[in-house]
Amino acid sequence: MIVLHAHPDDEAIFTGLTMRRLADAGARVILVMATDGAAGLCQVPLSRGESLRSRRLAELERACDLLGVARLEFLGYADSGAHDGPYQAGTLGAAPVTEVARRVARIADSEGASTLVHYDPHGIYGHVDHVQVHRVGARVVRSLGLAGYQATVDAAALRAGPQHVVRRAAGGPKDVGVPAFQISVTVHAQGPDLLAKMAAMATHASQVETAELDPARFAVTYGREWFVREGEPGAIDALVAASAGQAAEVVLGP
């Protein structure tokens, strides 16, 4: 299974439960990270000679260990930054979608992957790198005939619950995610996977403030992960069916 994300820390925030549980169920989880996240705002002091880029990639590697990632592929694009462009050469925002999609498709082919996770059409909250990840992921799903899942958030649940980091990333209370009726699959935390997600988010200390990790509200805020399915059911549907004690129609695979 290929999980495509925009920036280091997105994998933990939006799909950490799902990745950890799939890995525990025996699935081979391949994380493809599109950018280095170097345009983010750093929440902690950096060591002498340390760059935000190197810090975020080191955090990502530790998070992968916690989430059971079998293979990490870094596409090497620069973070486009949170603005409307123009985007500099070498950033994901400036990269042709066809070029990025070819690279992701080669990874999927090499793994014999049957499922690919990316983002909803708005990129969950509108960042250009997230929107590019959606465009790339949707193209790869169509071209290879994969089961596709768009990682998203339940917009109403986020407005009703404790503050989620994605609302701050969006720059205010503007709409993020999708309405509940559009969501195909919800993964609910079951204990060990919630602890793994919390640990992975804590690893991204340069981006995730300690207030986000408050045990009193972490499960309410981050204990669900939402997906919009594209095409036929795949690994995440099988995971949810197995968790519910149902006979899963889809066998967990790459």
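Summary of the structure given here.

Criteria and cut-off values
Residues numbered from 1 in each chain as written. Predicted model: local features only at pLDDT ≥ 70, side-chain atom pairs only at ≥ 80, totals over all residues. Heavy atoms only, no water. Axes fitted to C-alpha atoms, helices over the stretch in contact; angles between N-to-C directions. Helix = DSSP H or I, 4+ residues; strand = E, 2+ residues; numbered from the N terminus. Parallel < 35°, antiparallel > 145°, perpendicular 65-115°, else oblique. Left-handed = near helix turned anticlockwise from the far one by under 90°. Contact = heavy atoms within 4.5 Å. Buried < 20%, exposed > 50% of the residue type's maximum accessible area, 1.4 Å probe, protein only. Pairing = 2+ DSSP bridges. Salt bridge = Lys/Arg side-chain N within 4 Å of Asp/Glu carboxyl O. Phe/Tyr/Trp six-rings, centres within 6.5 Å; stacked < 30°, edge-to-face > 60°.

Attention now moves to the packing of helix α1 (residues 10-24) against helix α7 (residues 192-203). In the contact formed by α1 and α7, the axes pass within 9 Å of each other and the chain directions differ by 140 degrees. As judged from the angle between their axes, α1 and α7 are oblique. For the pair α1 and α7, the crossing hand works out as right-handed. Two secondary-structure elements touch here, α1 through Ala-12, Ile-13, Gly-16, Leu-17, Arg-20 and Arg-21 and α7 through Asp-193, Leu-194, Ala-196, Lys-197, Ala-200 and Met-201.

Here the bond from Gly-85 into Pro-86 is cis, since omega is 5 degrees, no more than 30 degrees from zero. Structurally, Pro-86 is set in the loop between β3 (71-77) and α3 (97-111). In this model, Asp-9 sits at a positive phi of 110 degrees, which is unusual for a non-glycine residue. Mapping Asp-9 onto the fold places it in the loop between β1 (2-5) and α1. With phi around 70 degrees, Ile-124 is a residue other than glycine that occupies positive phi space. Tracing the sequence through the fold places Ile-124 in the loop between β4 (115-119) and α4 (128-144). Since its relative accessible area comes to 0%, Ile-124 is described here as buried.

Here strand β6 (residues 185-188) shows a buried face lined by Val-185 and Val-187 and an unburied face lined by Thr-186 and His-188. The sheet contact formed by β6 and strand β7 (residues 224-230) spans 4 bridges and is antiparallel. When the bridges of β7 are listed, Thr-186 appears paired with Trp-226.

Once that is clear, we can look at the side chain of His-134. Mapping His-134 onto the fold places it in helix α4. Setting aside residues up to four positions removed in sequence, His-134 forms contacts with His-118, Tyr-119, Asp-120, Pro-121 and Gln-150.

Here the focus is the pattern of salt bridges. A complete count under the given rule lists 11 salt bridges for this structure. Note that Asp-9 is salt-bridged to Arg-56, the shortest N-O span being 3.6 Å. Of this pair, Asp-9 sits in the loop between β1 and α1 while Arg-56 sits in helix α2 (residues 52-67), and the two are 47 residues apart along the sequence. Looking at Asp-9, the relative accessible area reads 8%, which means it is buried.

The contact between α1 and helix α9 (residues 235-243) brings their axes to 11 Å, and the two run at 75 degrees. In terms of their interaxial angle, α1 and α9 are classed as roughly perpendicular. Touching Thr-18, Arg-21 and Leu-22 of α1 are Ala-235, Ile-236, Leu-239 and Ser-243, all from α9.

Using the criterion set out here, one finds 3 aromatic pairs in the structure. On the basis of an interplanar angle of 70 degrees and a centroid distance of 6.5 Å, the ring pair of Phe-14 and Tyr-119 is categorised as edge-to-face. Taken together, the residues span a long stretch of sequence, with Phe-14 in helix α1 and Tyr-119 in strand β4 at a distance of 105 residues.

Moving on to the sheet that holds β1. The 7 strands lie next to each other as β3-β2-β1-β4-β5-β7-β6, forming an open sheet whose pairing is mixed. What marks the edges here is a single partner per strand, and that holds for β3 and β6. Neighbour-to-neighbour, the strand axes of the sheet open up by a mean angle of 25 degrees, direction not taken into account. As judged from the 5 bridges shared by β4 and strand β5 (residues 147-152), these two strands associate in the parallel manner. By the bridge assignment for β5, His-118 is matched with Gln-150. Of the strands in this sheet, β2 (30-35) and β3 touch α2, which is tilted by about 160 degrees from β3. Of the strands in this sheet, β4, β5, β6 and β7 touch α9, which is tilted by about 50 degrees from β6.

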